[in-house]
Amino acid sequence: MTYQELAKIIVEKVGGKQNIISVVHCATRLRFKLKDETLAATEELKNREDVVTVMQSAGQYQVVIGTHVAQVYPFVLEASGLQGEETAVKSDKKEKLFDKLIDVISGIFTPALGALAASGMIKGLAALLVAVGATTNTSSLYTLLWAIGDTFFYFFPVILGYTASKKFGFSPLLGIITGASLIYPSIVGLVQNGKPLYVLFKHTIFETPIHMEIFGIPVLLMNYAQSVIPIIVAVYFGAKIEKWLQRVIHPIVSAFLVPFFTLLIVIPLTFAVIGPIATWLGDFVGMVIKGAYDINPIIPGLLIGCFWQVFVMFGLHWGLIPIALINLSQFGYDPVIALMLGTPFATIGAVLGVFLKTKNQKLKSLCVPCFATGIFGISEPAIYGVTLPNKWPFIFTFVVPV
């Protein structure tokens with residue numbers, strides 16, 4: 001069956017294009033937001049050989065099809081008549097706050113997930129070459145590799161400015177400009193090398209050097225490279241401001257006056273209010289998480305190590321991604337996501353055990369691709385295809401990481 005045929009069947013089985021509000025994808029799943037999930041033929045989808053399983057969680061109808069999801073996705077958009085989040089159909093359906101939160105986080109980070117993983121792997125490769133003595137950290141090869149890998153993280157506000165704009169309905173170019181303004185060289189240079197005029201909130205966690213004032217109002221400049229929360233909040237408010245300006249400005253001049261006033265409002269507001277508050281909030285969350293870890297790492301280790309696969313099954317692991325990124329930007333490392341590292345290895349170990357023990361040739365052949373994708377951290381095929389249906393292998397993945 002071709003990807004186009006599969007996409008048409010999936011769209012039909014979720015209730016037709018008239019039932020689809022929006023659709024995005026992650027590493028293995030098509031994530032639909034449906035007007036009415038009861039219209040979907042869930043059991044028929046689950047029973048198809050080319051569908052691993054179906055999950056209904058966090059306000060999303062998730063069709064797990066495997067690592068070829070990126071190839072199927074364009075045909076799903078074609079069959080549904082959508083173009084991703086930017087032309088999603090509006091719905092009056094009320095969602096729970098938690099469902100909205102997970103939907104927003106996954107919608108913002110999913111498009112960047114592949115590049116994020118690739119960039120981290122390239123930085124790891126550079127560090128590995130230095131560790132084994134193949135090069136030095138002053139060589140041209142290391143400099144180039146590190147630049148390739150670190151570009152994504154340094155310009156994270158720009159990337160999130162784009163993906164958050166797609167999610168919140170903000171003009172993507174304005175989102176990119178807003179993100180880029182946070183790491184503009186002269187601003188960054190002023191923060192890193194400039195002598196502050198004075199310091200606000202001395203001897204508190206909110207202590208902030210003031211490098212510039214506008215009309216006597218202090219501008220709280222901070223280091224926003226690799227930051228997460230400030231640009232997301234800025235884009236959210238930017239989308240509200242842009243929509244309001246589109247209503248009040250005459251259509252004849254709106255093409256240039258709406259962006260003009262949007263940028264004049266959003267960027268100063270971001271530097272003066274949104275950025276500092278969001279940064280302080282992120283720092284506080286990071287300190288609380290790290291503090292809990294420092295008090296007793298066993299408790300978060302038990303919870304995350306044991307239940308990570310459950311989080312993944314229901315798409316709830318997205319709620320931990322921003323916390324990990326906050327910790328990385330604040331401390332240079334993250335003790336939270338690291339706690340789950342044993343779980344994927346336990347899963348591929350369980351898959352290998354099933355492969356060695358089972359006499360079911362269909363199950364044995366399924367173990368091979370599940371094991372291969374699991375090595376690279378994509379464990380959904382292994383969960384839905386091998387461990388969960390056989391119950392005990394899934395249970396052992398709870399126990400082994402702990």
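This is a predicted model, so every value here is computed, not measured.

Mapped onto the elements of the fold, lysine 364 is located in helix α15 (residues 361-375). Buried within the structure, lysine 364 lacks any salt-bridge partner; its nearest side chain of opposite charge belongs to glutamate 49, at an N-O separation of 19 Å. Of note is the side chain of lysine 364, whose polar atom sits 3.4 Å from the backbone oxygen of threonine 358. Among residues more than four places away in sequence, those in contact with lysine 364 are Phe355 and Thr358.

Turning to helix α7 (residues 156-168), a few remarks are in order. The end-to-end C-alpha distance of α7, which contains 13 residues, comes to 17 Å, matching closely the 18 Å that a straight helix rising 1.5 Å per residue would cover. Within α7, 10 of the 13 residues are buried, which leaves it mostly tucked inside the rest of the structure. Burial in α7 covers these residues: Phe156, Pro157, Val158, Leu160, Gly161, Thr163, Ala164, Ser165, Lys167 and Phe168. Positive phi shows up at glycine 169, right after α7, with a value of about 80 degrees.

A separate point is a nonpolar patch on the surface. There is a patch of nonpolar side chains on the surface, built from Phe260, Phe261, Leu264, Ile265, Leu269, Val273 and Ile277 and spanning about 570 Å² of accessible area. As for its position among the elements, phenylalanine 261 is in helix α11 (residues 251-295).

Turning our eyes to something else, we now look at the domain arrangement of the chain. Partitioning the chain into structural domains gives domain 1 (3-80) and domain 2 (99-398). Between the C-alpha centres of domain 1 and domain 2 the distance comes to 26 Å.

Okay, the nonpolar core next. If you look at the biggest cluster of nonpolar residues, it comprises 31 residues, and the most contacted ones within it are Phe109 and Phe271. Residue assignment for this core shows that the elements contributing at least two residues are α4 (97-109), α6 (140-154), α7, α8 (172-182), α10 (229-248), α11 and α13 (321-331). Residues Val14, Phe32, Val72 and Leu82 belong to the second largest nonpolar core, which totals 24 residues.

UniProt's entry tags Cys26 with the feature "active site" (unreviewed entry), counted in the numbering of this structure. As for its placement among the helices and strands, cysteine 26 is situated in the loop between β1 (20-25) and β2 (29-34).

What follows deals with the packing of aromatic side chains. Aromatic rings considered in pairs are described by the distance between their centres and by the relative angle of their planes. Overall, the coordinates contain 9 aromatic pairs when judged by the stated rule. Judged by centre distance (6.2 Å) and plane angle (40 degrees), the ring pair of tryptophan 392 and phenylalanine 396 falls under tilted. Here tryptophan 392 pairs with phenylalanine 396, and both are found in helix α17 (residues 392-399), just 4 residues apart, close to one helical turn. With relative accessibility at 57%, the residue tryptophan 392 sits in the exposed group. Site record: aromatic cluster; members linked through ring pairs are Phe152, Phe153 and Phe156. Here the basic side chain of lysine 364 rests over the ring of phenylalanine 355, its NZ or CZ set 4.6 Å away from the ring centre.

Another point: the pattern of salt bridges. In total, this model carries 3 salt bridges according to the counting rule given. With a shortest N-O distance of 2.6 Å, glutamate 44 and lysine 13 are connected by a salt bridge. Of this pair, glutamate 44 sits in helix α2 (residues 42-46) while lysine 13 sits in helix α1 (residues 3-13), and the two are 31 residues apart along the sequence. A salt bridge links lysine 123 to aspartate 150, with the shortest nitrogen-to-oxygen separation between them at 3.0 Å. Placement of lysine 123 in helix α5 (residues 113-131) and of aspartate 150 in helix α6 is noted, with a sequence separation of 27 residues between them. Residues lysine 123 and aspartate 150 agree in their burial class; the two are buried.

Below, the discussion takes up the sheet that holds β1. Pairing is antiparallel in the open sheet, where 4 strands are placed in the order β1-β2-β4-β3. A strand with exactly one partner marks an edge of an open sheet, and here the two such strands are β1 and β3 (53-57). For this sheet the average axis-to-axis angle between neighbouring strands, irrespective of direction, equals 20 degrees. Pairing analysis gives 5 bridges linking β3 to strand β4 (residues 60-64), with the strands arranged antiparallel. Counterpart to serine 57 in the pairing with β4 is glutamine 60. Seen against the sheet, helix α3 (residues 69-80) touches β1 and β2 and runs at an angle of roughly 160 degrees to β1.

With 12 residues, α3 extends 16 Å between its outermost C-alpha atoms, agreeing within 8% with the 16 Å of an ideal straight helix rising 1.5 Å per residue. Within α3 the residues assigned to the buried category are Val69, Val72, Tyr73, Val76, Leu77 and Ser80. Each buried residue of α3 sits inside an arc of 145 degrees when the element is viewed along its axis, so together they form one side. Where the residues of α3 are buried, they touch α1, β1 and β2. At the C-terminal side of α3, glycine 81 shows a positive phi close to 80 degrees.

Okay, the pairing of β4 next. Within a regular strand, side chains alternate between the sheet's two faces. The buried fraction of β4 amounts to 5 of the 5 residues, a majority that puts the element mostly inside the structure. Here β4 shows a buried face lined by Gln60, Gln62 and Val64 and a second buried face lined by Tyr61 and Val63.

All right, on to the packing of α5 against α6 then. Two quantities define a packed helix pair, namely the angle between the helix axes and the distance between the axes. Interaxial distance between α5 and α6 falls to 8 Å at its minimum, and their mutual angle equals 155 degrees. With respect to their mutual orientation, α5 and α6 come out roughly antiparallel. For the crossing formed where α5 meets α6, the hand is left-handed. Touching Ala115, Leu116, Ser119, Gly120, Ile122, Lys123, Ala126, Leu129 and Val130 of α5 are Leu141, Tyr142, Leu145, Trp146, Ile148, Gly149, Asp150, Phe152 and Phe153, all from α6. When the residues that make up the contact of α5 with α6 are grouped by side-chain class, the tally is 13 nonpolar, 3 polar and 2 charged.

What counts and what doesn't
- Counting from 1, residues in each chain are numbered in the order their sequence is written.
- Given that this is a predicted model, residues contribute local features only at a pLDDT of at least 70 and side-chain atom pairs are listed and counted only at 80 or more, while totals for whole chains, interfaces and linings are drawn from all residues.
- Hydrogens and water molecules were not included; the side-chain quantities draw on all heavy atoms of the structure.
- Secondary structure elements follow DSSP: runs of H or I no shorter than four residues count as helices, runs of E no shorter than two count as strands, and numbering proceeds from the N terminus.
- Note on classification: 1.4 Å probe, protein chains only; a residue is buried when its accessible area is under 20% of the maximum for its type, exposed when over 50%, partly exposed between these limits.
- For the purpose of charge, His is not counted, nor are the chain termini; Lys and Arg are scored as positive and Asp and Glu as negative.
- The rule for a salt bridge is simple: a side-chain nitrogen of Lys or Arg has to be within 4 Å of a carboxyl oxygen of Asp or Glu.
- In protein, a polar contact means a hydrogen-donor-capable atom and an acceptor-capable atom, both N or O and within 3.5 Å, with residues adjacent in sequence counting only if both atoms are side-chain atoms; elsewhere, any N or O pair within 3.5 Å suffices.
- Any two residues whose heavy atoms approach within 4.5 Å at even a single point are treated as in contact.
- To estimate the expected span of a helix, count its residues, drop one, and scale the result by 1.5 Å.
- By definition, no residue in a patch forms a salt bridge, and every one has over 30% relative accessible area; like charges are joined within 9 Å, nonpolar side chains (Val, Leu, Ile, Met, Phe, Trp, Tyr) within 5 Å.
- For the accessible areas, the method is Shrake-Rupley and the probe is 1.4 Å, while residue cover comes only from the protein chains on display.
- These domain limits were set by an automatic method or by a database of domain assignments.
- Side-chain atoms within 4.5 Å are what join buried Ala, Val, Leu, Ile, Met, Phe, Trp, Tyr and Cys residues into a set we call a nonpolar core.
- UniProt positions are given in the numbering used here, feature names are shortened, and annotations may be inferred rather than shown by experiment.
- Two rings belonging to Phe, Tyr or Trp (six-membered ring only in the last case) form a pair when the distance between their centres is within 6.5 Å. Interplanar angles under 30 degrees mark stacking, angles over 60 mark edge-to-face geometry, and anything in between is tilted.
- We call a charge positioned above a ring when the Lys NZ or Arg CZ atom is no farther than 6 Å from the ring centre and deviates by at most 35 degrees from the ring normal.
- Between any two strands, pairing holds if DSSP finds at least two bridges.
- Here an angle of 0 to 180 degrees is reported between the N-to-C directions of two axes, which are lines fitted to C-alpha atoms, with helices fitted over the stretch in contact.
- The arc refers to the directions leading from the helix axis to the C-beta atoms.
- By definition in this entry, angles of less than 35 degrees are roughly parallel, angles greater than 145 are roughly antiparallel, angles of 65 to 115 are roughly perpendicular, and the rest are oblique.
- By convention, the crossing between two helices is left-handed when the near helix turns anticlockwise from the far helix through less than a right angle, and right-handed when the turn is clockwise.
- The nonpolar class holds Ala, Val, Leu, Ile, Met, Phe, Trp, Tyr, Cys and Pro. Asp, Glu, Lys and Arg form the charged class, and all remaining residues, Gly among them, are polar.

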